[in-house]
Amino acid sequence: MDLTLSLSSDWYNLLNIPLILITLKEVIPKWKDIWDDRFTSDDRRLMMRIVIFLALPAVEFIHETGHYLAALQVGAKVYEFHYGPVAGYVRVDGNIPDWQLLWIAVAGNLAQVLTGLLALLIATLVRSAAQVAFFVYLGLFSFGGTV
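Residues numbered from 1 in each chain as written. Predicted model: local features only at pLDDT ≥ 70, side-chain atom pairs only at ≥ 80, totals over all residues. Heavy atoms only, no water.

Overview of the packing of helix α3 (residues 41-73) against helix α5 (residues 129-146)
And then number 1: Running from N to C, α3 and α5 cross one another at 50°; their axes reach a closest spacing of 9 Å. When the axis of α3 is compared with that of α5, the two are oblique. In this structure, the crossing between α3 and α5 has a hand that is right-handed. For the pair formed by α3 and α5, the contact residues are Arg 44, Met 47, Met 48, Ile 50, Val 51, Ile 52, Ala 55, Leu 56, Val 59 and His 63 on the first element and Ala 130, Ala 133, Phe 134, Tyr 137, Leu 138, Phe 141, Ser 142 and Thr 146 on the second. (Axes fitted to C-alpha atoms, helices over the stretch in contact; angles between N-to-C directions. Helix = DSSP H or I, 4+ residues; strand = E, 2+ residues; numbered from the N terminus. Parallel < 35°, antiparallel > 145°, perpendicular 65-115°, else oblique. Left-handed = near helix turned anticlockwise from the far one by under 90°. Contact = heavy atoms within 4.5 Å.)

A word on the layout of surface pockets
In this approach a probe as big as a water molecule rolls over the atoms, and the regions it shows empty are the leftover space.
And then number 1: Of the pockets and cavities examined, the largest pocket occupies roughly 300 Å³.
And then number 2: With seven residues, α3 is the single largest residue contributor to the lining of the largest pocket.
And then number 3: Classifying every residue of the lining of the largest pocket by side-chain character gives nine nonpolar, five polar and one charged. (1 Å grid on protein atoms, 1.4 Å probe; cavity = no way out; pocket = protein on both sides within 12 Å on 5 of 7 lines; lining within 4 Å. Points joined across faces, edges and corners; volume = space filled by probe spheres on them. Nonpolar A, V, L, I, M, F, W, Y, C, P; charged D, E, K, R; others polar.)

What about α3?
In an α-helix, one full turn covers 3.6 residues, which means residues spaced three or four apart are oriented alike.
And then number 1: Relative to the 48 Å expected for 33 residues at 1.5 Å per residue, α3 spans 45 Å between its end C-alpha atoms, a close match to the ideal helical length.
And then number 2: Two residues or fewer past α3, Gly 75 is found with a positive phi of approximately 85°. (Expected span 1.5 Å × (residues − 1).)

Overview of the environment of Gln 112
And then number 1: Relative to the elements of secondary structure, Gln 112 occurs in helix α4 (residues 98-125).
And then number 2: Gln 112 gets classed as buried once you look at its relative accessible area, which sits at 7%.
And then number 3: Taking the C-alpha atoms as reference points, Gln 112 and Val 147, 35 residues apart in sequence, are found 9.9 Å from one another.
And then number 4: Beyond its immediate chain neighbours, meaning those up to four positions away, Gln 112 contacts Val 59, His 63, Ser 142, Gly 145 and Thr 146.
And then number 5: Side-chain polar atoms of Gln 112 contact the backbone oxygen of Ser 142, separated by 3.0 Å. (Buried < 20%, exposed > 50% of the residue type's maximum accessible area, 1.4 Å probe, protein only. Polar contact = N/O pair within 3.5 Å; in protein donor to acceptor, adjacent residues only side chain to side chain.)

Things to note about the nonpolar core
And then number 1: Residues Ile 34, Met 47, Ile 50, Val 51, Phe 134, Phe 135 and Leu 138 are the most contacted members of the largest nonpolar core, which totals 19 residues.
And then number 2: Going through the elements one at a time, α3, α4 and α5 are the ones with two or more residues in this core.
And then number 3: Ranked by the residues each element gives to this core, the list is headed by α3, at seven residues.
And then number 4: Grouped together as the second largest cluster of nonpolar side chains are 13 residues, Ala 71, Ala 76, Val 92 and Ile 96 included. (Core = buried A, V, L, I, M, F, W, Y, C linked by side-chain atoms within 4.5 Å.)

Quick notes on the packing of aromatic side chains
The geometry of two aromatic rings is summed up by the distance between their centres and the angle between their planes.
And then number 1: Across all of its chains, the model carries six aromatic pairs by this definition.
And then number 2: Taking 5.5 Å as the distance between ring centres and 55° as the angle between the ring planes, the aromatic pair formed by Trp 31 and Trp 35 counts as tilted.
And then number 3: Relative accessible area serves as the criterion here: at 41%, Trp 31 is assigned to the partly exposed category.
And then number 4: Taking relative accessible area as the criterion, Trp 35 reaches 29% and is therefore assigned partly exposed.
And then number 5: Seen in terms of ring centroids, Phe 61 and Phe 81 are 5.9 Å apart; in terms of plane orientation they differ by 75°. Their pairing is edge-to-face. Here Phe 61 is found in helix α3, whereas its partner Phe 81 is found in strand β2 (residues 78-83), with 20 residues between them in sequence.
And then number 6: By relative accessible area, Phe 81 is classed as buried at 4%.
And then number 7: Connected via pairs of aromatic rings, a cluster forms that spans Trp 31, Trp 35, Phe 134 and Phe 135. (Phe/Tyr/Trp six-rings, centres within 6.5 Å; stacked < 30°, edge-to-face > 60°.)

Some thoughts on α5
And then number 1: Between its first and last C-alpha atoms α5 spans 26 Å; for 18 residues at 1.5 Å apiece the expected length is 26 Å, and the two agree.
And then number 2: Within the span of α5, buried status applies to Ala 130, Ala 133, Phe 134, Phe 135, Tyr 137, Leu 138, Gly 139, Ser 142 and Thr 146.
And then number 3: Taking the backbone nitrogen of Ala 130 as reference, a side-chain oxygen 3.2 Å away marks Ser 128 as the first, capping residue of α5.

Okay, here's the thing in C-alpha cells:
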C-alpha cells in the first residue's frame, strides 16, 4: 500500500500552498492579538484565514482517513492513500460489492460532518470570542466543504 502523504501534484493543491504560506506570514506576528480579549474585525478576518488555510487541511486529512478506515472495515485492499492540503483520495481494490463502495465513499463525508458537529459543540463550551469564532467557522466550513 502506498501511503503518500506528500502534496498532490494537481493544480488545486499547488495553488493553495502559497495561500497557506501567506496566511502563516500574516498570522504569526499577530498571533497574541488574535487571541486576546478584544476580538476586532481584523482578528475576525484573520481567524477565517486561519480556519480556511490552516485548520481545514487537517479536516481534509480526517475526511480521507474516514474513507481509509471504512475500506479497512469492509476488508477492501487500500493501495493508495493520498493527502494534499485541500484535496486527496483513497484508492481501493475494485473487486468489492457496490454497497461497500458506497460505504467507503460516504465515510469520508461522515467523518467530516462529525468533525463539524464536534467543532460546533466545542464552540458552545468555550468562552473567548476568538475561540468561539474559530470553532464556529471550523464547524460551518467543515459542513460546507462536504456538501
